[in-house]
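Survey of secondary and tertiary structure
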Amino acid sequence: MISKNRLAVAAISAGLVTSLLGMGAAQADPTGAPTPRALVGVGSDTTQDVMNAVANDVVIAGVKQIGSFNATGSATFNTGKAGCSTVARPNGSGAGRAALLNSLNAGDGCIQFSRSSSLTLTASTPSLTYVPFAVDAVSYAITSGSSLPRSFAKTDLQAIYHCDPNYVGTGPNYAITPILPQSGSGTRSYWEGQMGITDADVVANVYPCIINGVKNGQIIEEHTGTALDSKSIVPFSIGQYTDQSNGLIIDRRGSAVLGVIDGTDPQLINNSFSVKRDVYNVIPTSQIGTAPYSTVFVGGSSLVCQDTATILHYGFATNPNCGSTTNHS
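These notes cover the structure that comes with them. (Residues numbered from 1 in each chain as written. Predicted model: local features only at pLDDT ≥ 70, side-chain atom pairs only at ≥ 80, totals over all residues. Heavy atoms only, no water.)

**Details of the overall build of the chain**
- Looking only at helices and strands, the chain features 10 helices and 18 strands.
- A burial count over the chain gives 51% of its 329 residues as buried.
- Accessible surface computed for the chain: about 12900 Å², of which carbon and sulfur atoms make up 54%. (Helix = DSSP H or I, 4+ residues; strand = E, 2+ residues; numbered from the N terminus. Buried < 20%, exposed > 50% of the residue type's maximum accessible area, 1.4 Å probe, protein only. Areas by Shrake-Rupley, 256 points an atom, 1.4 Å probe, with all protein chains shown as cover.)

**Here we look at the state of the cysteines**
- All chains considered together, the criterion is met by three disulfides.
- C163 shares a disulfide with C209; S-S distance 2.0 Å. The disulfide joining C163 to C209 has a torsion of about -90° about its S-S bond and is therefore left-handed. Separated by 46 residues along the polypeptide, C163 in the loop between α4 (154-161) and β10 (177-180) and C209 in the loop between α6 (199-203) and β11 (211-212) bring together distant segments of the chain.
- Residue class for C163 comes out buried when judged on its relative accessible area of 16%.
- For C305, the disulfide goes to C322, at an S-S distance of 2.0 Å. Its S-S torsion of about -95° marks the bond between C305 and C322 as left-handed, since a negative value means left-handed. Here C305, found in helix α9 (residues 303-306), pairs with C322, found in the loop between α10 (308-313) and β18 (327-328); they are 17 residues apart in sequence, far enough to count as distant. Each member of the pair C305 and C322 is classed as buried.
- For the chain, the disulfide bridges join cysteines in the arrangement 1-2, 3-4, 5-6, where the cysteines are counted in sequence order. (Disulfide = S-S within 2.5 Å.)

**Brief notes about the environment of L128**
- Along the polypeptide, L128 turns up in strand β8 (residues 128-143).
- Taking the relative accessible area as the measure of exposure, L128 reaches 0% and is therefore buried.
- In this structure the C-alpha to C-alpha distance between L128 and Q287, which are 159 residues apart in sequence, comes to 9.4 Å.

**Structural notes on the packing of α4 against helix α5 (residues 186-195)**
- Where α4 meets α5, the axes come as close as 9 Å, and the angle between the chain directions of the two elements is 105°. On the basis of the axis angle, α4 is roughly perpendicular to α5. Facing α4, whose interface residues are K154, L157, Q158 and Y161, α5 presents W191, Q194 and M195.
- When its residues are assigned to classes, the contact of α4 with α5 shows four nonpolar, two polar and one charged. (Axes fitted to C-alpha atoms, helices over the stretch in contact; angles between N-to-C directions. Parallel < 35°, antiparallel > 145°, perpendicular 65-115°, else oblique. Contact = heavy atoms within 4.5 Å. Nonpolar A, V, L, I, M, F, W, Y, C, P; charged D, E, K, R; others polar.)

**A few points about the packing of aromatic side chains**
- The final tally for this structure, using the stated rule, is eight aromatic pairs.
- Centre to centre, the rings of F236 and Y241 are 5.5 Å apart; their planes meet at 80°, and the pair counts as edge-to-face. Accessibility classification places F236 together with Y241 in one group, the buried group.
- The structure contains a cluster of three or more aromatic residues connected by ring pairs, namely Y140, F152, Y167 and Y174.
- The ring of Y241 has R253 lying over it, and the distance from NZ or CZ to the ring centre is 5.1 Å. (Phe/Tyr/Trp six-rings, centres within 6.5 Å; stacked < 30°, edge-to-face > 60°. Lys NZ or Arg CZ within 6 Å of the ring centre and 35° of its normal.)

**Section: the pairing of β8**
- By the criterion of burial, β8 is predominantly enclosed, with 16 of the 16 residues buried.
- Of the pairings in the sheet, the one linking β8 to strand β14 (residues 232-237) comprises four bridges and is antiparallel in character. Among the inter-strand pairings, V138 is bridged to a residue of β14, identified as S237.
- Sheet topology note: the β8/strand β15 (residues 256-258) ladder contains three bridges and is antiparallel. The residue bridging T143 from the neighbouring strand is A256, located in β15. (Pairing = 2+ DSSP bridges.)

**Observations regarding the nonpolar core**
- Within the largest apolar cluster, 39 residues are counted, with the highest numbers of intra-cluster contacts made by Y140, L157, I160, Y161, W191, I210 and I233.
- Counting residues per element, the ones that place at least two in this core are β8, α4, β10, α5, β14, α7 (238-245) and β15.
- Here this core gets five residues from one element, more than from any other, and that element is β8.
- If we ignore the near neighbours within four places in the chain, the residues touching W191 are V138, S139, Y140, L157, Y161, L180, P235, I261 and V275. (Core = buried A, V, L, I, M, F, W, Y, C linked by side-chain atoms within 4.5 Å.)

If you want it as structure tokens, here you go:
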């Protein structure tokens, strides 16, 4: 039986989806009425485009509720709220969470939620709730002209990121250089967990073969293939790869192609893929029962969870636990 997500990806790839047909279109920082939006969000690069699109669909009494601001762009942005004309732009899940907490503790009303592609339940004040809304998967990317294998077992990838001499440096097999994206990236954090390494050890250079977020003086933005050469690999969101390859968002892949992990096709998110993850919108725990947070984010009938067409259109899978409020920091 063909999955709904397989059908969605196939339709896009075949060029059958010629317009959004009511599905939200991704854009950069929000424009148009109303200004400001009730719920301003920042953070994850992985989910910014799908949430930008969802933001165009989520309306209450005809009024858009979500203002989703990109992870990169100008150093600051204007939310339209009083006193919030020069908000520092956070790049990545960790930076988004920090910005949300800073705004809540300052009481400035500038940021109401953050996007996150990883689950970070470190205790915080105030408490935050990670509300899942979709499922993403992560594979490794190499250049199209690379002689590296197009398929690895997950255990091979773990050996590579542990700098196993059979794979890296002048090793007898492939002499691979593993790359991690920039510090604060949710994909970086998630991939480290899957590889069985810690960020602290990476920063401490316990794994000297890893290129740690910077190459030739340039920050390695997640889901960007331009840092790759013929002997390197980097984690890449399958949802982001699908969006970029189908022209839904700016194509930052360069010559990157996705590899297969444990024999599973990386361009179709399904239950057998070994490296998949929930993605989240993070809200103050104190607000889970308060509108518009509750109407927009909380529960399977929430407006975000009901926008399944857009979630699928942007290369993500629907989440059976969409809207759950069980994960608190």
